[in-house]
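Residue-level structural notes
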Amino acid sequence: MKGPGAMNQENSVFYIPELGNNRDFEGIDQVYVELLPMTGEELRAYQRTMVGVKPGSAQAIKKAEQIVKRIVSERVVEVTNYFDIKGNQIGTGEELFERGEPAMVDEIYEALSSISRLKEGQRKN
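Residues numbered from 1 in each chain as written. Predicted model: local features only at pLDDT ≥ 70, side-chain atom pairs only at ≥ 80, totals over all residues. Heavy atoms only, no water.

Let us now look at the side chain of Asn22. Looking at the element boundaries, Asn22 is found in the loop between strand E1 (13-15) and strand E2 (32-35). Taking relative accessible area as the criterion, Asn22 reaches 3% and is therefore assigned buried. Only 2.7 Å separates the side chain of Asn22 from the backbone nitrogen of Val31, close enough to count as a polar contact. Leave out the neighbours within four places in its chain, and Asn22 touches Ile16, Pro17, Asp29, Gln30 and Val31. (Helix = DSSP H or I, 4+ residues; strand = E, 2+ residues; numbered from the N terminus. Buried < 20%, exposed > 50% of the residue type's maximum accessible area, 1.4 Å probe, protein only. Polar contact = N/O pair within 3.5 Å; in protein donor to acceptor, adjacent residues only side chain to side chain. Contact = heavy atoms within 4.5 Å.)

Where empty space is left in the structure can be found by rolling a water-sized probe over the atoms. For the second largest pocket, the calculated volume is near 190 Å³. Lining the second largest pocket are Met38, Leu43, Tyr46, Gln47, Met50, Ala64, Ile67, Val68, Ile71, Tyr109, Ser113 and Arg117. For the lining of the second largest pocket, the elements supplying multiple residues, two or more each, are helix H1 (40-48), helix H2 (58-75) and helix H4 (102-121). (1 Å grid on protein atoms, 1.4 Å probe; cavity = no way out; pocket = protein on both sides within 12 Å on 5 of 7 lines; lining within 4 Å. Points joined across faces, edges and corners; volume = space filled by probe spheres on them.)

A few words now on unusual backbone geometry. Its identity as a non-glycine residue notwithstanding, Asn21 has a phi of 55°, on the positive side. Considering the arrangement of structural elements, one finds Asn21 in the loop between E1 and E2. The exposure class of Asn21 is exposed, given its relative accessible area of 53%. Of note, the phi angle at Asn81 is positive, near 65°, even though the residue is not glycine. Inspection of the secondary structure assignment puts Asn81 in the loop between strand E3 (76-80) and helix H3 (93-99). A relative accessible area of 27% places Asn81 in the partly exposed class.

Next comes the structure, spelled out in structure tokens:
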């Protein structure tokens with residue numbers, strides 16, 4: 001698996017979360033996130049870490065949380081217009097995981113997974 005240093009920021013995409021009717025706001029007020037999609041190899045490696053783990057078990061929950069933390073921390077380049085419950089700006093993936101609403105973390109993780117699968121399936125010209 002390649003580390004964060006090997007990521008190419010030219011491949012980044014912007015995602016506008018749905019949470020809290022964010023997409024209904026004016027562009028300047030919207031929360032948006034710059035993401036670096038995972039490679040197919042990375043996606044499969046994360047999926048393999050869950051093989052043999054009993055679904056719903058404490059081990060599964062712990063492993064899943066570690067995976068989400070790593071992906072969000074490494075693959076969220078920047079978060080814009082998002083603040084924690086105390087009004088402090090959240091600007092990185094690590095800050096998002098540590099201080100963001102769980103529903104926002106889940107949405108960003110799902111978006112990263114979907115975007116990565118789509119990118120892997122895109123046709124090369």
